[in-house]
2 protein chains.
Amino acid sequence: MSMSVSATLAINDEVARRHSAGLSCLPLGFGEAGLPVHPLLTAELSRWSGVASYGPVTGIAALREAAAGYWQRRGLHTTADQVIAGPGSKALLWAVLRACGGAVALPRPSWVSYAAQAALHGLPVHLVPTPPGQGGAPDPERLATVIKAAEAAGQPLTTVVLTLPDNPTGTLAARNTIAAVCELARKHNLTVVSDEIYRDLVHDAHADFVSPAELAPERVVVTTGLSKSLALGGWRTGVARFPATPAGDSLRADVAAIASEVWSAPAQPIQRAAALAFTEPAALRERVRDSRRLHARIVAAVADVLIEAGARLTYPSGGFYLYPDMRELAGRFGVADDTELAAVLLYRCDMASLPGSTFGDDPAALRLRIATGLLYGDDDEQRTAALQAEDPVRLPWIADHLHQLNLALTGARADARPGRREPRPRRTSSPHDAS
Amino acid sequence: MSMSVSATLAINDEVARRHSAGLSCLPLGFGEAGLPVHPLLTAELSRWSGVASYGPVTGIAALREAAAGYWQRRGLHTTADQVIAGPGSKALLWAVLRACGGAVALPRPSWVSYAAQAALHGLPVHLVPTPPGQGGAPDPERLATVIKAAEAAGQPLTTVVLTLPDNPTGTLAARNTIAAVCELARKHNLTVVSDEIYRDLVHDAHADFVSPAELAPERVVVTTGLSKSLALGGWRTGVARFPATPAGDSLRADVAAIASEVWSAPAQPIQRAAALAFTEPAALRERVRDSRRLHARIVAAVADVLIEAGARLTYPSGGFYLYPDMRELAGRFGVADDTELAAVLLYRCDMASLPGSTFGDDPAALRLRIATGLLYGDDDEQRTAALQAEDPVRLPWIADHLHQLNLALTGARADARPGRREPRPRRTSSPHDAS
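Remember, predicted model here, so these are calculated numbers, not experimental data.

Reading the values: the criteria
Residues numbered from 1 in each chain as written. Chains lettered and ligands numbered in written order. Predicted model: local features only at pLDDT ≥ 70, side-chain atom pairs only at ≥ 80, totals over all residues. Heavy atoms only, no water. Helix = DSSP H or I, 4+ residues; strand = E, 2+ residues; numbered from the N terminus. Expected span 1.5 Å × (residues − 1). Buried < 20%, exposed > 50% of the residue type's maximum accessible area, 1.4 Å probe, protein only. Contact = heavy atoms within 4.5 Å. Salt bridge = Lys/Arg side-chain N within 4 Å of Asp/Glu carboxyl O. Buried area = accessible area lost by both parts, 1.4 Å probe. Polar contact = N/O pair within 3.5 Å; in protein donor to acceptor, adjacent residues only side chain to side chain. Pairing = 2+ DSSP bridges. Axes fitted to C-alpha atoms, helices over the stretch in contact; angles between N-to-C directions. Domains from an automatic or database assignment. Core = buried A, V, L, I, M, F, W, Y, C linked by side-chain atoms within 4.5 Å. Phe/Tyr/Trp six-rings, centres within 6.5 Å; stacked < 30°, edge-to-face > 60°. Lys NZ or Arg CZ within 6 Å of the ring centre and 35° of its normal. UniProt positions renumbered as here; feature names shortened; annotations may be inferred. Least-squares fit on C-alpha atoms with pLDDT ≥ 70 in both.

Draft legend 1. Main features of helix α3 (residues 61-72) of chain B. Residue and element names in this part refer to chain B. Here α3 is 12 residues long and its end C-alpha atoms lie 16 Å apart, about the 16 Å a rise of 1.5 Å per residue gives. Taken together, the buried positions of α3 are Leu-63, Arg-64, Ala-66, Ala-67, Ala-68, Gly-69, Tyr-70 and Trp-71. Where α3 is buried, its residues contact β2 (83-86), β7 (220-225), β8 (238-241), α9 (246-262) and α10 (268-278).

Dropping the structure here:
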């Protein structure tokens, strides 16, 4: 077996290695939200730090009830019995793909781990391009073609995954696209997995958000977690909502069985704090609102820098990612595929990003995923200031990061080529020395 | 797909259900250590409750270094680079079995999850009986036969698992048995997975403990965790030590790749506290010593009750399990297989245990696994008293539990048969009301 570490986590490890070696690096690779733990949750985790029983495989009742309430407030009738908590929604998605157990349709591009998880299970994957500007959902017409071809080939699809809003593109599929996917799923008896971990980070809080679970409740598994909206990635806490049907119960039971043999249950003290988070007290709602505003502002500022450097992109409508088309810049650098472009940017321009091909995209499309979550500050003080600032772009360390990005993209020497030699140690202009 | 929840976790859920329904139940089923979190660790988890970055896939450096030190103190030269931390050693074992990727030899009986994990991976399992009184290691002669047969059948073994000391039997394989297994592994190029999660709970701290990693360092993966020695099951923290060889590095890289697509990393605040635990400060060494003494004392007392009731057993030498042969009792009850016997004991005698067949054993051998970890008290106050008592057997709630067990085994009506009707609510003599 030859496998490699998830690209998003690998770039995080690489940036950490560069920092500890005293090398500067603009950390635009990893999808970490980069914001402090809210004091309410710090206190709650402390409060439960003396608890260490295993608890139920599907998660403690308080957490499952709180998650049910979370969905209830978003118009999805949910009982605690429909919910499984896991150590991250990643783990739950992995188990759900296994429990569904057949060929999987994914949007192209899509989050790195869906395809890797399906590969771990030995399940066939079909990458279906998204409609223009609507990341996170396969184009329904193309999906219909793929469904028919897979049926004809004797390996029918069982599952289609949506990401709403999307990672890597930061865009949100339109209601009629989602409805068309749901209709196809109903017609061909597919399970729809709706990864809604960025849902609360749709920049316009009044935007029309439709979950497939509203349209085809009998066949949609929704997953979410606290890693993005409350920046709790390292707490590893996610929840999945299963259909309230016999088939949904059976799928949920299979996921619980898998969980029981792999991770047993999420860490108990973390579950307790997560239970509070999912009840959404006012202070946390306010924090999510501030985070959403900060992400939207910085994403817009980064978009401006990218566009100035010749990139083309659809303005993101949620989360903290951008997905520019960098063909013009790549042309100037004389590189023809996105992995080479990302390497040039990392080794010559000290800027970490991820190539679109990591997300299943065409290397020649020269897309990069740019994550803004680690630009907000080097410590909790700076990050809190960023959350509270009238205009965070004017905070000196953020302004410096944006300036660095501008330099990296426009000031980089046009003859730059990726090389094997280590970049020269240089600390003077490191964004991580800014303060 | 039709799967069921791990039997050990399922019995835990069932006992919890019975308690919340006001039904009494002697909780001898689940392998939870049932002791309080040490205040040093509660404080450490609190201290890190504001940390929520993902951190490295293989675990934070402090934890990997601490785990290396832990093994170093036990005579196994280890560097942090050889270590991966995961959300429980269960998750790591699952990933290691997958990374080894071939047929697996397991002792018979052995912990419920090894075979279930191999089945999840689609890997063939060979159950190899243990030498009499030496649970946790396959009989070397029988193992040799299995290796040859598997080779001849074109599905050669890649992996053999040992549990030292053992769950379910509580016994410890002898040095020459372990050496013979290592020799076979070397001859046939197998990876030995040595699950040593009960290592620090060998009752006689001066007993001869040999890890296969001392005998065949080039091919042994050792796993351990804090769930048993420090009763931190619900914290989900385990570590694996890989051989310091190119093959070991490659196996470790594969496990990291799997981890990155399934759980990302263990929960960060938990990792911080676990890092302290693995440095083994004096207060925690003392706690482990007290726990070991308590387990040994109660296991011995339960053994006496079992023997009085006609059971035959090898006295356990580690952990908090007993594995009696209950043929005589079963005969009195008129039942012929262990699942029926466990059902009679649960539904008629209010005693939860697990049948040996759950661990791969012959149902007609009429073995039960009895876990003592949940007898020590209903709250942290009682459990702390149990840890500190001169003779814990004389504490009223423990004496009451032992009396209950005696009644269950000897006072139960000989005509008792398992039935579908719910047992009558009865709270008066519930061990969980004792105080």
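Draft legend 2. Quick peek at the pattern of salt bridges. All names here are of chain B. Taken as a whole, this structure holds 24 salt bridges over all chains when the rule is applied. For Asp-200, the salt bridge is made with Arg-74, and the minimal N-O distance between the two is 3.3 Å. Of the two residues, Asp-200 sits in the loop between β6 (191-195) and α8 (212-215) while Arg-74 sits in the loop between α3 and β2, which places them 126 residues apart along the sequence. In this structure, Asp-200 and Arg-74 share a single accessibility class: buried. With a closest N to O distance of 2.6 Å, Arg-74 and Glu-280 form a salt bridge. Within this pair, whereas Arg-74 is found in the loop between α3 and β2, its partner Glu-280 is found in the loop between α10 and α11 (282-308), the two being separated by 206 residues in sequence. Of the two residues, Arg-74 and Glu-280, neither departs from the other in class, the shared state being buried.

Draft legend 3. Molecular detail of the interface of chain B and chain A. Listed per partner, the contact involves 59 residues of chain B and 59 residues of chain A. For the chain B and chain A pair, buried surface summed over both sides reaches about 4,800 Å², with 58% attributable to carbon and sulfur atoms. One can count zero salt bridges joining chain B with chain A. The tally of links between chain B and chain A comes to 31 residue pairs in polar contact (both at pLDDT 80 or more). Sorting the residues of the side of chain B that touches chain A by element identifies α1 (7-20), α2 (39-47), α4 (89-100), α5 (112-120), α9 and α10 of chain B as the ones contributing at least two each. No other element matches the seven residues that α9 of chain B contributes to the side of chain B that touches chain A.

Draft legend 4. Summary view of the sheet that holds strand β4 (residues 125-129) of chain B. All names here are of chain B. Strand order in the open sheet formed by seven strands is β2-β8-β7-β6-β5-β3-β4, and the pairing between neighbours is mixed. This sheet does not close on itself; its edge strands, each paired only once, are β2 and β4. Between one strand axis and the next, the sheet turns through 20 degrees on average, direction left out of account. As paired elements, β2 and β8 share four bridges and run antiparallel to each other. What sits directly across from Val-83, in β8, is Arg-241. Sheet contacts for helix α6 (residues 140-152): β3 (103-108), β4 and β5 (157-163); angle to β4, the most-contacted strand, approximately 155 degrees.

Draft legend 5. Structural detail: the domain arrangement of chain A. Residue and element names in this part refer to chain A. Assigned domains within chain A: domain 1 (7-30 + 283-411) and domain 2 (39-280). The partner domain 2 presents 31 residues to the 29 residues of domain 1 that form the contact. The junction of domain 1 with domain 2 conceals about 2,400 Å² of combined surface from both sides, 63% of it contributed by carbon and sulfur atoms. Summed over the shared surface of domain 1 and domain 2, the number is zero salt bridges. Applying the counting criterion to the domain 1 and domain 2 interface returns 12 residue pairs in polar contact (both at pLDDT 80 or more). For the side of domain 1 that touches domain 2, the secondary structure elements donating two or more residues are α1 (7-20), α11 (282-308) and β9 (321-322).

Draft legend 6. Representation of the nonpolar core within the structure. Counting 113 residues, the largest nonpolar core has Leu-143, Leu-157 and Trp-235 of chain A together with Leu-143, Leu-157 and Trp-235 of chain B as the members making the most contacts within it. Among residues more than four places away in sequence, those in contact with Trp-235 of chain B are Ser-49, Val-51, Ala-52, Ala-267 and Pro-269 of chain A together with Val-37, Leu-41, Leu-45, Ile-270 and Ala-273 of chain B. Formed by 84 residues, the second largest nonpolar core is a distinct cluster that contains Leu-251 of chain A together with Val-15, Leu-97 and Val-161 of chain B.

Draft legend 7. Layout of the packing of aromatic side chains. One pass over the full model with this rule turns up 17 aromatic pairs over all chains. Measuring from ring centre to ring centre gives 5.5 Å for Tyr-70 of chain A and Phe-278 of chain A, while their planes differ by 85 degrees; the resulting arrangement is edge-to-face. With Tyr-70 of chain A in helix α3 (residues 61-72) and Phe-278 of chain A in helix α10 (residues 268-278), this residue pair connects regions lying 208 residues apart in the sequence. You can call Phe-278 of chain A buried: its relative accessible area is 2%. The aromatic ring of Trp-48 of chain B is capped on one face by Arg-272 of chain B, whose charged end is 4.4 Å from the ring centroid.

Draft legend 8. Region of interest: the UniProt feature "domain: Aminotransferase class I/classII large" (unreviewed entry) in chain A. Under the UniProt annotation, "domain: Aminotransferase class I/classII large" (unreviewed entry) lies at residues 48-372 of chain A. Secondary structure over residues 48-372 of chain A splits into 42% helix and 14% strand, and the C-alpha atoms at its two ends are 32 Å apart.

Draft legend 9. View of the relation of the copies chain B and chain A. Take chain B, turn it by 180 degrees, move it 0.0 Å along the axis, and it overlays chain A with an RMSD of 0.0 Å. Taken together, the rotation and translation relating the two chain copies correspond to the operation of a two-fold axis. Residue Ser-46 of chain B, judged by its C-alpha, is the member of chain B lying nearest the rotation axis, at 2.1 Å. In this assembly the copies share their binding face: 100% of the residues contributing to the interface of chain B also contribute to that of chain A.

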